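The chain contents come next:
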Amino acid sequence: MTDLYAVAGNPIGHSKSPLIHSTFARQTQQDLLYKALLMPLGEFAAKAEKFFQHGGSGLNVTVPFKEDAFRFATTHTPRALRAQAVNTLKKMPDGSILADNTDGVGLVRDLTLNHQVPLAGKRILLLGAGGAVRGVLQPLLEQQPAELVIANRTVSKAEQLARDFADLGCVTASSFADVPGAFDLIINGTSASLGGELPPLPLTVFKDGTVTYDMMYGAGRTVFNQWAHEQGVTITLDGLGMLVEQAAEAFYCWRGVRPDTATVIQRLRQERR
Ligand code: ATR
């Protein structure tokens, strides 16, 4: 029987998840159908309940329902518990709903496997302290960076995150202006570029070999990566690989099979040109 999966969000029209998962399914010969579900605001729990009652096997969840999905689930993976927001729900054989957050592992796999950017022993600067950043902190810290500094416009939010994750490694908080020293890797997890803005960082954050990673993606370089490039950064990566890797991790959670991500990333990059 064909198993049913979907991505739920609002808006959802531009989601690449149906294309990504259908490609994974073809590639791994899995018999499944993957749809996009536009869910009205405030109705996530009711609609998700209906989806699973009518035979749905798994849901991906995107903006703005990741916290709703966290609350909807019966059980959570440890990284989902830390993130307090989830992008993957799976119906278990006993009818319970398991929640996972695959964003962080997607980011780590894109950095370390697709781009050979080492994280262990490195100084990492993470910009932002919203849901996107909370979602990736545990997998990043599991890579054992020497130090991870969270910098945010509202410093108290960065401080709260640093406290919440202090048991997992060396994690500190800062304002943008007072970020201490230079970094091997700078990850932009703010939504500043949606308004055409940049986090106001001192240029001392850069050194020879600094890599930047923007969790956003678009046609060409993102606003943040363009700025970094103008400051002399030669490796500027965007979040398209993270998007495909988080999907692959969700696919693995559902089906127990790991799809090949490289061909899918390449295809999406070509389509974007
Ligand atoms: P998301 O789910 O994408 O993380 P969010 O939880 O609303 O969305 O968080 C947005 C993040 O981008 C926050 O860290 C926010 O900073 P504040 O905590 O100070 O609000 C950051 N952000 C948004 N616009 C910004 C801007 N113009 N300059 C700098 N940071 C910005």
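Positions within a chain are numbered from 1, following the residues in the order the chain's sequence is written. Since the coordinates come from a predicted model, pLDDT governs what is reported: local features require at least 70, and pairs of side-chain atoms require 80 or more to be given and counted, while whole-chain, interface and lining totals use all residues.

Per an unreviewed UniProt entry, the recorded name for the chain is Shikimate dehydrogenase (NADP(+)), and the organism is Venatoribacter cucullus. The UniProt entry for the chain carries the following comment under Sequence similarities (unreviewed entry): "Belongs to the shikimate dehydrogenase family." Among the UniProt annotations of the chain, the heading Function (unreviewed entry) holds the following wording: "Involved in the biosynthesis of the chorismate, which leads to the biosynthesis of aromatic amino acids. Catalyzes the reversible NADPH linked reduction of 3-dehydroshikimate (DHSA) to yield shikimate (SA)." UniProt positions are given in the numbering used here, feature names are shortened, and annotations may be inferred rather than shown by experiment.

> So what exactly am I meant to see when it comes to the site of the ligand here?
Around the ligand sit 16 residues in total, of which G130, G131, A132, R153 and T154 are the nearest. Classes in brief: Ala, Val, Leu, Ile, Met, Phe, Trp, Tyr, Cys and Pro nonpolar; Asp, Glu, Lys and Arg charged; the others, Gly included, polar. Taken together, the residues of the shell around the ligand break down into 5 nonpolar, 8 polar and 3 charged. Near residues are defined by distance alone, with the backbone-placed C-beta atom required to lie within 6 Å of the molecule or strand.

> Got a minute to help me understand the packing of helix α9 (residues 240-255) against helix α10 (residues 262-272) in this structure?
Axis angle and axis distance: for two packed helices, these are the angle between their axes and the distance between the axes, and together they describe the pair. Axis separation between α9 and α10 bottoms out at 10 Å; the angle between their running directions is 140 degrees. The orientation of α9 relative to α10 falls into the category oblique. Here α9 and α10 pass one another in a crossing that is right-handed. Here L240, G241 and V244 of α9 come into contact with α10, specifically with V264, I265, L268 and R269. The class makeup of the residues in the contact of α9 with α10 is 5 nonpolar, 1 polar and 1 charged. Lines are fitted to the C-alpha atoms to define the axes, a helix being fitted only along its stretch in contact, and any angle between axes, read from their N-to-C directions, falls within 0 to 180 degrees. Per the convention used, a helix needs a DSSP run of H or I reaching at least four residues, while a strand needs a run of E reaching at least two, with both numbered from the N terminus. Orientation is classified from the angle alone, with under 35 degrees giving roughly parallel, over 145 giving roughly antiparallel, 65 to 115 giving roughly perpendicular, and any other angle giving oblique. Take the far helix as the reference: if the near one is turned anticlockwise from it by less than a right angle, the crossing is left-handed, and if turned clockwise, right-handed. Here contacts are defined at the residue level, using C-beta atoms placed from the backbone and a cut-off of 7 Å between them.

> Teacher, can you tell me more about the UniProt feature "binding site: shikimate" (unreviewed entry) in the chain here?
UniProt marks S15, K16, S17, T62, N87, D103, Y217 and Q246 with the feature "binding site: shikimate" (unreviewed entry), using the numbering shown here. Mapped onto the elements of the fold, S15 is located in the loop between β1 (3-9) and α1 (17-28). Take S15: there are 18 C-beta atoms within 10 Å of it, and that puts it in the partly exposed class. The residues touching S15, leaving out its near neighbours within four places in the chain, are V7, G9, A36 and T62. Note on placement: Y217 falls in the loop between β11 (211-214) and α8 (223-230). Using a count of 20 C-beta atoms within 10 Å as the deciding quantity, one classes Y217 as buried. Using C-beta atoms placed from the backbone, we call a residue buried if 20 or more other C-beta atoms fall within 10 Å of its own, exposed if 12 or fewer do, and partly exposed for counts in between.

> Whenever I open this one, the sheet that holds strand β12 (residues 235-238) confuses me. Can you help?
Where strands meet in a sheet, backbone hydrogen bonds hold them as pairs that are either parallel or antiparallel. What makes two strands pair is DSSP finding at least two bridges between them. If you trace the 6 strands from one edge of the open sheet to the other, you get β9-β8-β7-β10-β11-β12, paired in parallel fashion. Looking at the sheet topology across the chains shown, the edges are occupied by β9 (171-174) and β12. The sheet shows a mean angle of 20 degrees between the axes of neighbouring strands, direction not considered. The pairing of strand β7 (residues 123-127) with strand β10 (residues 185-188) spans 4 bridges and is classified as parallel. Note that in β10 the partner of L126 across the bridge is I187. Across the face of the sheet, helix α6 (residues 131-142) comes into contact with β7, β8 (147-151) and β9 while running at roughly 170 degrees to β8.

> How should I be thinking about the environment of A6 in this particular structure?
The residue A6 is located in strand β1 in this model. Accessibility expressed as a C-beta count within 10 Å gives 23 for A6, which makes it buried. Not counting the four nearest positions on each side in its chain, A6 is found in contact with Y34, K35, A36, L37, F51, G56 and L59.

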